[in-house]
Every structure is written in C-alpha cells, then in structure tokens.
Amino acid sequence: MKPISKLLVLFGTAAFCLQAAAQDNTVPGWLEKDFGELTALFEGRWDSDRHAFFAEAAGMDLDQVAPRQHIEIVPATLAAGEELSAGQAVFQATRSVDGEPPATLIHTFTIDSDRQAIRQSVSTSGGVLAPTPMDCHVLWHRQGAQFQGKAEGVGCDALFPRPAEGGPLEATLTLSENDFWVTSSRGNNTIEARLRRARPFECWTAILRGAEHGDSGEGMRDWDFRRGVKLHDQGGEAELMSDEPEPRRIRLRLRNVDWPYGTNRPSLTLYVMEGDSDRAVSYAWTEGGADRIGINLRWLQASCTYTPPVNDE
C-alpha cells in the first residue's frame, strides 16, 4: 500500500494523542487533520541518491547539491512510565551523510494554536520525553498537497551546517507523499538535498561457485543460495561475499530511476557490480515503481520483491 493510502490508518494511530486537543476550541479541526497527515508522511526512509547521482547530467549547479544522505524515521520507543501528551507525536531519525558518521535525533511534533501551525522540535537522542533540546524548531503549514516548514532558533545552525558562510541561516523544508526537500541558504549561498521516499526490497540470490562473469555455467550445479538480502530502491546496496576459497565481493544496487531531465520513462533498475568497481557488469530493468525485478546471468541469479512494513499491509 502506498504511503498516501495509509494516511487514514496511521492517522488513527495518532488520533488518541489528539482527543484532548479536539476538546480545545482554540484548535481548529483542519489543523488537527493536518497534524495527522504531516506526521504520517514524515515517517519512513528517505534518500537523496536521485538528486546527487543525476545532478551533473541534469545541468544542476553542483555547489548547491548536498552530499548524498539517507534518513530513517521511525516512531520513538517510549521508556517504561513514559506517555505521550495529547496532540504530540515523537520520532527517532537516524541520518547518514556520505563521509560522516550517522547521527540520531529526536523530533517532537505538537500543535501550535497561537501560530496556527504544526511545531517540530529537534533534540539530541536520550530519554524520548526528556531529551536535550537543540533550540531549533520547524513551523509547518500546508501548501496544497504538501507541507512547507521553516526552521527557527539558534540551534538550527548545527542542524543545517551547510553552507557555512554568507550570512544568517534560512532553512526551509518541503514534504509530500514521495518527496522531502531540505534547502538552507546564507545570503547568496544555497545548498539543497532532495530526498525521495525509499521502498524496502528483499531478495533471494544464488552465486554459482567456481564460475565467473561471462561463463555459461553449463554442467555446473554448485550454488551458494541465500534469502533475506535487503536493500531499497533509492540507490540501496547489498553486499554478497561468496563462500569460495577465494571469496568474491558482489554488490547489488537497486535504483528506481525517475529521470530529472529528458523524456525517458521511469525504470526500476537492478545493477550487478564486482569488487570495488562502481561500473556494473550487467543490469536489468522493468517498469518504474514495479514491485519485483530479477536477473539471471548464469553465474548469478537474483530476484527482489517490494516488502512493505507490516503496518502498510
């Protein structure tokens, strides 16, 4: 089930947090609804592979493209005795940026009745309901089918470190069903990360022992078979080390290619790479957004299927 289709289900999960707020006449019904939809969209996995990979070919200014990053956002696990307040949703987000160690933050969403907005407060990880605040929050408002937020607070400098110079920080965020864009500016200096929602896939694979790329595999039956190989469709990668006397490193990469230029049709593409080389020895593709893809190279077979989280089913 696609993210937008599960909004009513997830809104039901958050609804108990809004019961008290619903009795408060200062909170309009439309703002309660926006709260439920925004927090449902926020959860998930996001990756800027498409933005970073195609930037040069699309003619973008590379100085304005942030390093590739992946963000995994899940509901925060409450400690014993902790309870959410009415009109509150709390998430734990782990962000991995190329060249940097992963960082985990706590994001708390509440309704700001005075400013008729949804407030997202950012804190360092720790106790979910008593984390260390960063003095940075984002005020969200609906804009058509998406939401736009603006960051405020002196602690936002640490949360949005790029660009480093140029003047006071201005950071805006845009969130829709499948896109999450983060733009930060200082004067004339701007940098942007355009993340897309990543879909998880699970694969079975089979490596023919003793065979190399290009071999027909005729008469050979010694397969290294595996299940539960996981990756995602926004440039996600899975590494396979063969169990041969001289192990081979084989990598599978999955990309739901949605071209940011030209008229090529979107394609879900599965790449096969050997060793440290990023040049694929082979690849297969199918319709963009497909739920399944496979490849058979005689020496390697793989089949990958979309595996939505349990609460999507």
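Cut-offs applied
Each chain has its residues counted from 1, running along the sequence as written. Local features are withheld for residues below a pLDDT of 70 in this predicted model, meaning they are given only at 70 or higher, and side-chain atom pairs are given and counted only at 80 or more; totals for whole chains, interfaces and linings count all residues. Each side-chain value is derived from all of the structure's non-hydrogen atoms; neither hydrogens nor water enter the calculation. Here a helix means four or more residues in a row that DSSP labels H or I, a strand means two or more in a row labelled E, and each is numbered from the N terminus. Buried means the residue's accessible area, taken with a 1.4 Å probe over protein chains only, is under 20% of the maximum for its type, while exposed means over 50%, and partly exposed covers the values in between. We get accessible surface area from the Shrake-Rupley algorithm with a probe of 1.4 Å; when it comes to residues, only the shown protein chains can shield them. When the centres of two rings from Phe, Tyr and Trp lie within 6.5 Å, Trp using its six-membered ring, the rings pair. Their planes under 30 degrees apart give stacked, over 60 give edge-to-face, and anything left gives tilted. Note on criteria: charge over ring means Lys NZ or Arg CZ within 6 Å of the ring centre, with the direction from the centre no more than 35 degrees off the ring normal. A pair of cysteine sulfur atoms is labelled a disulfide when the two atoms are within 2.5 Å. Whether two strands pair comes down to DSSP finding at least two bridges between them. Each axis is a line fitted through C-alpha atoms, and for a helix only the stretch in contact is used; angles between axes span 0 to 180 degrees, taken between their N-to-C directions. Contacts are assigned to residue pairs that have any heavy atoms within 4.5 Å of one another. Here a cavity means grid points, on a 1 Å grid over the protein atoms only, where a 1.4 Å probe fits yet cannot get out; a pocket means an open set of points with protein on both sides within 12 Å along at least five of seven lines; lining residues are those with an atom within 4 Å of a point. Grid points are joined across faces, edges and corners, and a volume is the space filled by probe spheres set on the points. Expected helix span is taken as 1.5 Å per residue step, with the number of steps being one fewer than the number of residues. Among buried residues, the Ala, Val, Leu, Ile, Met, Phe, Trp, Tyr and Cys ones that are joined through side-chain atoms within 4.5 Å form a nonpolar core.

**What about the overall build of the protein chain?**
Okay, step 1: Counting its regular elements, the protein chain contains five helices and 18 strands.
Okay, step 2: Counting only residues that meet the buried cut, the protein chain has 45% of its 313 residues in that class.
Okay, step 3: In the structure as shown, the protein chain presents an accessible area of about 16,200 Å², 49% of it carried by carbon and sulfur atoms.

**Brief notes about the packing of aromatic side chains**
Okay, step 1: Scanning all chains against the criterion turns up 13 aromatic pairs.
Okay, step 2: Seen from their ring centres, F54 and W259 are 5.3 Å apart, and the 55° between their planes marks the pair as tilted. In this pair, F54 sits in helix α4 (residues 49–54) while W259 sits in the loop between β14 (249–257) and β15 (267–274), placing the two residues 205 residues apart along the sequence.
Okay, step 3: F54 sits in the buried class, given a relative accessible area of 6%.
Okay, step 4: Given a relative accessible area of 28%, W259 falls into the partly exposed group.
Okay, step 5: Measuring from ring centre to ring centre gives 6.3 Å for F54 and Y261, while their planes differ by 70°; the resulting arrangement is edge-to-face. Here F54, found in helix α4, pairs with Y261, found in the loop between β14 and β15; they are 207 residues apart in sequence, far enough to count as distant.
Okay, step 6: Taken together, the ring pairs connect F42, W46, F91, F109 and F180 into an aromatic cluster.
Okay, step 7: The ring of Y306 carries R199 above its face, with NZ or CZ at 5.0 Å from the centroid.
Okay, step 8: Between the NZ or CZ atom of R255 and the centre of the ring of F53, over which it lies, the distance is 3.9 Å.

**Some points on the state of the cysteines**
Okay, step 1: Overall, the coordinates contain two disulfides when judged by the stated rule.
Okay, step 2: Here C136 is linked by a disulfide to C156, with a sulfur-sulfur distance of 2.0 Å. One quick way to see it: the torsion about the S-S bond of C136 and C156 is about 95°, and its sign makes the bridge right-handed. Of this pair, C136 sits in strand β6 (residues 132–143) while C156 sits in helix α5 (residues 156–159), placing them 20 residues apart in sequence.

**As for the sheet that holds strand β7 (residues 146–152)**
Okay, step 1: Strands sit in the order β1-β2-β3-β4-β5-β6-β7-β8-β9-β10 around a closed barrel of ten strands; the barrel is antiparallel. Neighbouring strand axes in the sheet, compared pairwise and without regard to direction, differ in orientation by 25° on average.
Okay, step 2: Pairing between β7 and strand β8 (residues 169–175): four bridges, direction antiparallel. Opposite K150, over in β8, you have T172 as the bridge partner.
Okay, step 3: Sitting on the sheet, helix α3 (residues 29–42) is in contact with β1 (44–47), β2 (69–75), β3 (88–97), β4 (103–112), β5 (117–124), β6, β7, β8, β9 (179–186) and β10 (189–197), with an inclination near 165° to β4.

**Details of the layout of surface pockets**
Okay, step 1: Approximately 590 Å³ is the volume attributed to the second largest pocket.
Okay, step 2: In this structure, the second largest pocket is lined by 31 residues; those nearest its centre are Q69, I71, R95, L159 and F160.
Okay, step 3: Residue assignment for the lining of the second largest pocket shows that the elements contributing at least two residues are β2, β3, β4, β6, α5, β9 and β10.

**Looking at the sheet that holds strand β11 (residues 200–208)**
Okay, step 1: Ordered in space as β12-β11-β18-β17, the four strands form an open sheet in which the pairing is antiparallel. In this open sheet, the two strands that pair with only one neighbour each are β12 (223–232) and β17 (292–296). Recorded for the sheet is a direction-independent mean angle of 10° between the axes of neighbouring strands.

**Focus on α3**
Okay, step 1: End to end, α3 covers 20 Å across 14 residues, agreeing with the expected 20 Å (1.5 Å per residue, within 8%).
Okay, step 2: Within α3 the residues assigned to the buried category are L31, E32, D34, F35, G36, E37, L38, T39, A40, L41 and F42.
Okay, step 3: Phi for G44, located one or two positions after α3, is positive at around 135°.

**Let's talk about the nonpolar core**
Okay, step 1: Residues F109, W140, F160, L175 and F180 are the most contacted members of the largest nonpolar core, which totals 35 residues.
Okay, step 2: With five residues, α3 is the largest single contributor of residues to this core.
Okay, step 3: In this view, F109 contacts F35, L38, T39, F42, G87, Q88, A89, F91, I118, R119, Q120 and W140; residues no more than four positions away in its chain are not counted.
Okay, step 4: If you look at the next biggest cluster of nonpolar residues, it comprises 25 residues, including L240, A284, C304 and Y306.

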